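Here is what each chain is made of, one letter per residue.
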Amino acid sequence: MLRYLSPFAVLCSMIFASACAHTPAPTSSDRSTSQDGEVLQQLREGNIRFTSHQRIHPNQQPLRRQELTKGQAPGAIVVSCSDSRVPPEFVFDQGLGDIFSIRTAGHAVDAFALASVEYAIEHLDAKVIVVMGHTSCGAIKATMASVPGESTGSRNIDLLVASIRPGLKHLDRKDKTLRADAIDNVEATRVALERGSPFIHAAVEKGKVRIVAALYDLDSGDVELWE
Ligand SMILES: [Zn+2]
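Not measured: the values here are computed from a predicted model.

**Thoughts on the environment of T104**
Here is step 1 of the chain: Looking at the element boundaries, T104 is found in strand β2 (residues 99–104).
Here is step 2 of the chain: Counting along the chain gives 22 residues from T104 to S82, while the straight-line C-alpha distance between them is 4.9 Å.
Here is step 3 of the chain: Sequence-distant contacts of T104, defined by excluding residues within four places in its chain, comprise S82 and A113.

**Points about the environment of K141**
Here is step 1 of the chain: Its place among the elements puts K141 in helix α6 (residues 138–145).
Here is step 2 of the chain: Linking K141 and R173, residues 32 residues apart in sequence, is a C-alpha distance of 9.1 Å.

**Things to note about the sheet that holds strand β4 (residues 210–216)**
Here is step 1 of the chain: In space, the five strands of this open sheet follow the order β2-β1-β3-β4-β5, with mixed pairing throughout. Edge strands, defined here as strands with exactly one partner in the open sheet, are β2 and β5 (223–226). The average angle at which neighbouring strand axes cross in this sheet is 25°, direction not considered.
Here is step 2 of the chain: Sheet contacts for helix α8 (residues 179–196): β1 (76–81), β3 (128–134) and β4; angle to β3, the most-contacted strand, approximately 150°.

**With respect to the nonpolar core**
Here is step 1 of the chain: A76, I77, V79, V117, V128, I129 and V130 are the most contacted members of the largest nonpolar core, which totals 49 residues.
Here is step 2 of the chain: Excluding anything up to four places from it in sequence, V128 contacts D36, V39, L40, G75, A76, I77, V209, R210 and V212.

Calculation criteria
Residue numbering note: each chain is counted from 1, following its sequence as written. Residues qualify for local features only when their pLDDT is at least 70, as the model is predicted, and side-chain atom pairs are given and counted only at 80 or more; totals for whole chains, interfaces and linings, by contrast, use all residues. A run of H or I in DSSP becomes a helix once it reaches four residues, and a run of E becomes a strand once it reaches two; helices and strands are each numbered from the N terminus. Placing a C-beta atom from the backbone of each residue, one calls two residues in contact when those atoms lie within 7 Å. If DSSP finds at least two bridges between two strands, the strands pair. Axes, fitted as lines to C-alpha atoms, cover a helix only where it is in contact. Angles between the N-to-C directions of the axes lie from 0 to 180 degrees. For our purposes the nonpolar core covers buried Ala, Val, Leu, Ile, Met, Phe, Trp, Tyr and Cys residues that link as a set through C-beta atoms within 7 Å. Three classes are used. A residue is buried when 20 or more other C-beta atoms lie within 10 Å of its own, exposed when 12 or fewer do, and partly exposed in between, with C-beta atoms placed from the backbone.

So this is what it looks like as structure tokens:
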């Protein structure tokens, strides 16, 4: 499950480290942990606002737009499906400059997607990679409907389903939401990020960035986050 530091500990570690007699000065790894905890908390709170119809649409004012002309520092990288029903900024109630978003059908990652993640870690100092799948994913349906060895009629879609197929373990056609397979697919993408990129793997090992799995429920709007 998610790890959170208490607000007091976060305050101590970020602002008053030297003045908090009983709190050791944070190591770089501790500091990263507190920052990724804050980012995850923001996403979680945003999703609660989304599902309870209390969105505040943060960071979308002209002033924010102006500020961002100087640069960006999104805390979260979200690797998610291109599905029109699952826009990360909506479901997490975030605004401009908050999420570095990488979207492909079924959140399959190729070299360009990996390069995008690497860029956000190295140059934007993002602290968390959220790999977010969703129920009733069309890319998973298409993969399950395809026949191994037979072309779908598109070389590109053949590549996509060939990339997704090995990660699907349940192949549960009885559950129309394909929830179990969506979770499998999230896990496959999570593994693909580290296997496909020594840079991402090293960043995770060093504690510079954390990968968190997530599943969006198309019906309820809830995002379940887990490590
Ligand atoms: Zn999808």
